[in-house]
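Residues per chain, in single letters:
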Number of protein chains: 2
Amino acid sequence: MATFQLARVQKSGGLTTELVESLRAEILKGNFKTGDKLPSSKIIEQQSGVSRSVVREAIAQLKAEGLVDSKQGVGVFVTSKKNTQSFQITKAEFESIHNAIQILELRMSVEVEMGAMAAVKRSDDQMQNITNCMLNMENKISQGEDSIAEDFAFHKAIADASGNPYFRRFIDYIGSGVIPAREMITNYENGFGSDKLLAVIQEEHRQICRAIESQDSDLARASIKAHLGNSIKRHSQIEESFNINQEQ
Amino acid sequence: MATFQLARVQKSGGLTTELVESLRAEILKGNFKTGDKLPSSKIIEQQSGVSRSVVREAIAQLKAEGLVDSKQGVGVFVTSKKNTQSFQITKAEFESIHNAIQILELRMSVEVEMGAMAAVKRSDDQMQNITNCMLNMENKISQGEDSIAEDFAFHKAIADASGNPYFRRFIDYIGSGVIPAREMITNYENGFGSDKLLAVIQEEHRQICRAIESQDSDLARASIKAHLGNSIKRHSQIEESFNINQEQ
DNA sequence: TTATATAATATTGGTTAACTTTTAAAGAAC
DNA sequence: GTTCTTTAAAAGTTAACCAATATTATATAA
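What counts and how
Residues numbered from 1 in each chain as written. Chains lettered and ligands numbered in written order. Predicted model: local features only at pLDDT ≥ 70, side-chain atom pairs only at ≥ 80, totals over all residues. Heavy atoms only, no water. Helix = DSSP H or I, 4+ residues; strand = E, 2+ residues; numbered from the N terminus. Buried < 20%, exposed > 50% of the residue type's maximum accessible area, 1.4 Å probe, protein only. Contact = heavy atoms within 4.5 Å. Areas by Shrake-Rupley, 256 points an atom, 1.4 Å probe, with all protein chains shown as cover. Near = heavy atom within 4 Å. Polar contact = N/O pair within 3.5 Å; in protein donor to acceptor, adjacent residues only side chain to side chain. Nonpolar A, V, L, I, M, F, W, Y, C, P; charged D, E, K, R; others polar. Phe/Tyr/Trp six-rings, centres within 6.5 Å; stacked < 30°, edge-to-face > 60°. Pairing = 2+ DSSP bridges. Core = buried A, V, L, I, M, F, W, Y, C linked by side-chain atoms within 4.5 Å. Buried area = accessible area lost by both parts, 1.4 Å probe. Salt bridge = Lys/Arg side-chain N within 4 Å of Asp/Glu carboxyl O. Disulfide = S-S within 2.5 Å. pLDDT = per-residue confidence, 0-100. Axes fitted to C-alpha atoms, helices over the stretch in contact; angles between N-to-C directions. Parallel < 35°, antiparallel > 145°, perpendicular 65-115°, else oblique. Left-handed = near helix turned anticlockwise from the far one by under 90°.

1. A few points about the overall build of chain A
Here comes step 1: When its secondary structure is counted, chain A shows ten helices and two strands.
Here comes step 2: When its helices and strands are written in sequence order, chain A yields α-α-α-β-β-α-α-α-α-α-α-α.
Here comes step 3: By residue count, 48% of the 248 residues in chain A fall in the buried class.
Here comes step 4: Long-range pairs, those at least 24 residues apart, make up 71% of the contacts in chain A with a sequence separation of at least 6.
Here comes step 5: By element, 49% of the accessible surface of chain A is carried by carbon and sulfur atoms, the whole surface being about 11800 Å².

2. As for the protein's contact with DNA strand D
Here comes step 1: The full set close to DNA strand D counts 23 residues, and Leu15(A), Ser51(A), Ser53(A), Ser41(B) and Arg52(B) are the nearest of them.
Here comes step 2: A breakdown of the atoms of DNA strand D within 4 Å of the protein gives sugar and phosphate a share of 69%.
Here comes step 3: With respect to DNA strand D, the side chain of Ser70(B) contributes an N or O atom lying 3.0 Å from a phosphate oxygen.
Here comes step 4: Broken down by secondary-structure element, the contributors of at least two residues to the surface near DNA strand D are α1 (15-29) and α3 (52-65) of chain A together with α3 (52-65), β1 (68-71) and β2 (75-78) of chain B.
Here comes step 5: When the residues that make up the surface near DNA strand D are grouped by side-chain class, the tally is six nonpolar, twelve polar and five charged.

3. Examining the protein's contact with DNA strand C
Here comes step 1: Around DNA strand C, 22 residues are found, and the nearest of them are Ser70(A), Gly73(A), Leu15(B), Ser53(B) and Gln72(B).
Here comes step 2: Sugar and phosphate atoms represent 62% of those atoms of DNA strand C found within 4 Å of the protein.
Here comes step 3: Interatomic distance of 3.1 Å between a side-chain N/O atom of Thr16(B) and a phosphate oxygen of DNA strand C.
Here comes step 4: Interatomic distance of 3.1 Å between a side-chain N/O atom of Ser51(B) and a phosphate oxygen of DNA strand C.

4. Focus: the packing of aromatic side chains
Here comes step 1: Using the criterion set out here, one finds four aromatic pairs over all chains in the structure.
Here comes step 2: Each ring, one from Phe170(A) and one from Phe87(B), has its centre 5.5 Å from the other, and the planes form 80°; the classification is edge-to-face. Of the two residues, Phe170(A) sits in helix α8 (residues 165-189) while Phe87(B) sits in the loop between β2 and α4 (91-95), which places them in two different chains. Of the two residues, Phe170(A) and Phe87(B), neither departs from the other in class, the shared state being buried.
Here comes step 3: Look at Phe170(A) and Phe170(B): their rings are 5.6 Å apart centre to centre, the planes differ by 90°, and that puts the pair in the edge-to-face class. Linking Phe170(A) in helix α8 with Phe170(B) in helix α8 (residues 165-189), this pair reaches from one chain into another.
Here comes step 4: What makes Phe170(B) buried here is its relative accessible area of 0%.
Here comes step 5: Put simply, the rings of Phe87(A), Phe170(A), Phe87(B) and Phe170(B) touch in pairs and so form one group of aromatic residues.

5. Describing the pairing of β1(B)
Residue and element names in this part refer to chain B.
Here comes step 1: For β1 and β2, the ladder comprises four bridges, and the chain directions are antiparallel. From the neighbouring strand, Lys71 faces β2, where its bridge partner is Gly75.
Here comes step 2: The antiparallel hairpin formed by β1 and β2 contains three residues in its connecting segment, where Gly73 sits at a positive phi of about 80°.

6. Thoughts on the nonpolar core
Taken as a class, soluble globular proteins show a tendency for nonpolar side chains to be buried jointly.
Here comes step 1: One finds Phe87(A), Ile130(A), Phe170(A), Phe87(B), Ile130(B), Phe170(B) and Ile212(B) to be the most contacted residues of the largest nonpolar core, which totals 80 residues.
Here comes step 2: Core analysis: the second largest hydrophobic core is formed by 18 residues, Phe32(A), Val54(A), Leu62(A) and Val78(A) among them.

7. Notes on the interface of chain A and chain B
Here comes step 1: Contacts between chain A and chain B engage 38 residues on the former and 38 residues on the latter.
Here comes step 2: Interface of chain A and chain B: buried area, both sides summed, is about 3800 Å²; carbon and sulfur atoms make up 54% of it.
Here comes step 3: Of all residues in chain A, Phe87(A), Lys91(A) and Tyr166(A) give up the largest surface area on contact with chain B, accounting jointly for 19% of the area buried on that side.
Here comes step 4: Inspection of the region where chain A meets chain B yields five salt bridges.

8. Examining the side chain of Arg169(B)
Here comes step 1: Relative to the helices and strands, Arg169(B) resides in helix α8.
Here comes step 2: Side-chain polar atoms of Arg169(B) contact the side chain of Glu93(A), separated by 2.7 Å.

9. Let's talk about the state of the cysteines
As used in these notes, a disulfide is a covalent bond between sulfur atoms, one from each of two cysteines.
Here comes step 1: In this structure the tally under the stated criterion is zero disulfides over all chains.
Here comes step 2: Distance from the sulfur of Cys209(A), which forms no disulfide, to the nearest cysteine sulfur (Cys133(A)) is 8.9 Å.

10. Considerations on the confidence of the model for chain A
All names here are of chain A.
Here comes step 1: For chain A, per-residue confidence averages 83 on the pLDDT scale, and 82% of positions sit at 70 or higher.
Here comes step 2: Per-residue pLDDT, averaged within each element of chain A, yields its smallest value for α8 (73) and its largest for helix α5 (residues 97-121) (94).
Here comes step 3: Across residues 1-12, confidence stays below pLDDT 50; counting only partners more than four residues off in sequence or on other chains, it has 33 contacts.

11. Some details on the packing of α3(A) against α3(B)
Here comes step 1: The geometry of α3(A) relative to α3(B) is characterised by a closest axis approach of 8 Å and an angle of 40° between their N-to-C directions. Here α3(A) is positioned oblique relative to α3(B), judged by the angle of their axes. Handedness of the α3(A)/α3(B) crossing: right-handed. Listed contacts from α3(B) to Arg56(A), Glu57(A), Ala60(A), Gln61(A), Lys63(A), Ala64(A) and Glu65(A) of α3(A) are Arg56(B), Glu57(B), Ala60(B), Gln61(B), Lys63(B), Ala64(B) and Glu65(B).
Here comes step 2: Of the residues assigned to the contact of α3(A) with α3(B), the class counts are four nonpolar, two polar and eight charged.

See the structure below:
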C-alpha cells in the first residue's frame, strides 16, 4: 500500500473541510494512485484524530467530486477517470488558501506569456480597451467602491489582446472562481491597510499597461510576473498567519 | 419558505444517493431558488425518513457539487450554481491545425513556468523519474516504435516535479487531447524524415533534462520554450503548406 | 488432496443519542 | 434608541451500536 501521512487536522473552517483537503492533496500528489484503496475509515479516524462521521462526510464530498468511489464491505478506491473530460477546479479548492496559491501559480504561468503575446500582437483598439479597464478600476478605487470586477476585466482585456482565444477562455474560467475567493482575502486585509494595497495593485497595473503599450514583451512578462507574484506572496503571508494563530 | 415534498426514500442504490438525487432535483426544478434556505437537517430527516448522518452526507455531496453552501448556526443555502462551468476544449478543436497551434501556445506558457518550478523544487526521485521517462522514449525510438505515450509521460513527470498538482492536472487534460491530434502530424511528417525529427525532439528533451537536473530554472524555461516553440513552428509550416495546396 | 460449505473478520452503510459551537433574534438594561 | 444578555435554533462533532457485503481462513466431505 502507498505510504501516507495525513496532517492531524486542526480546527479552522471545519474538520470535514480540512480532511477533504488533506485527502484530496494526497490523491493529487500521487500518494494514492488510480485504483488504489484508501485506508479504511477506522485508520483515517486514528491518523487524523477525528470521528467517523467526519471521515464519512469527507469521503462523501470526494465521491461527489468524482475523485473516489466506495464499495460496501470492501473499501474506498481512487477513481481512474479523474480528469480527462475537462479541466475543472472545485469551489472548495478555490476557497482554500493553500490551493488558491497553487492555482495562482498556474494562472501566473499563463498570464505571463499571455501578456508577452499581447505586447507583440495588440491592436490599437485592444490597447485602448486595456487602458479603459485600468481607468475604470482607478475610478472605483478612488470612490472607495469594490473593484474586483474591474480588476478581472483588466486581465480579460489583456487576454483578448493576445489574439489567442484560449487564453481568454482560460482566464474566464480561473477568474470566475477567483472572484468569490478574493472577497475573503480582501476582508482579511482590511485590517492592515486595504487602501494602500489597492494603490500598489493599481501601480502594478499601470506598469503592465505601459509595457504592453510600448510593445515590450520582456517588460510585460516581468511586470505581470511581479504583479501576480506579489499576490502569491500576500496569500502566503495569510496562510502563515493562519498557521501561527492555530498553533497558539 | 419554499414548498417542498421529498419522496420518502427507499433502499435502492444507497439512501444517501437517493436523498442527494431527490434534493438536487428539487433545487434544479426551482423549488428552491438561489439564496433560499433549505429546510433544517431535522426537518429533512422527518420528511425523508432517514437518519441525520444520511442527511449530512447528502448535504456534504451537494456542497462538493457547489450546489449548496452551509453556515453553522444558520442553515444550508442554495448557491448561484454558476460555478459548475469548466475549462473545456472539444475534440474538433484539438484536431484543427489552426486551433492546435493556439492550444500549443497556451500549453507552452504553462509548461515553461512548470519546468522552471520543477528545476527549483524537484526531489532526486522526481529527477530520476524524469530521466527514466526520457530513456524510455529513447528506447522506443531506437526500436522504431511509436513513442507518443512516452513523450507525454516525460512532460507529466516534469509536472509532478513542479510540486504543484494543478500543473499535473492541466497537462493531463491538455495532453490527452493532444495525443490523438498528434498522430495526424506524425503521419504528415513521415514524408520528410520522421526519424530526423524524432532525433531533434529527443535532443530537446535531453536539454530540458539537463536544465532541471542542474536546477537551472532559466535554462529550463529556455529549453522548454525552444522545445514547444519548435513544435509550434512545425505546426505552422504544415498549416501553411495546407493553405498553399488549397490555393492551387 | 481438492473442492465446497461455513465461520470469522474487515469494511462500508446506516441508526440513534448526546454534546459543542455558532449564529440570529428576542428581551432586558441603560 | 442603543447596547448588552439571554435563549433558542441550527449546523458541527462525537460515540456506540447494528446491518450489509466481500474477503479470508477454516473445517468438512468427497
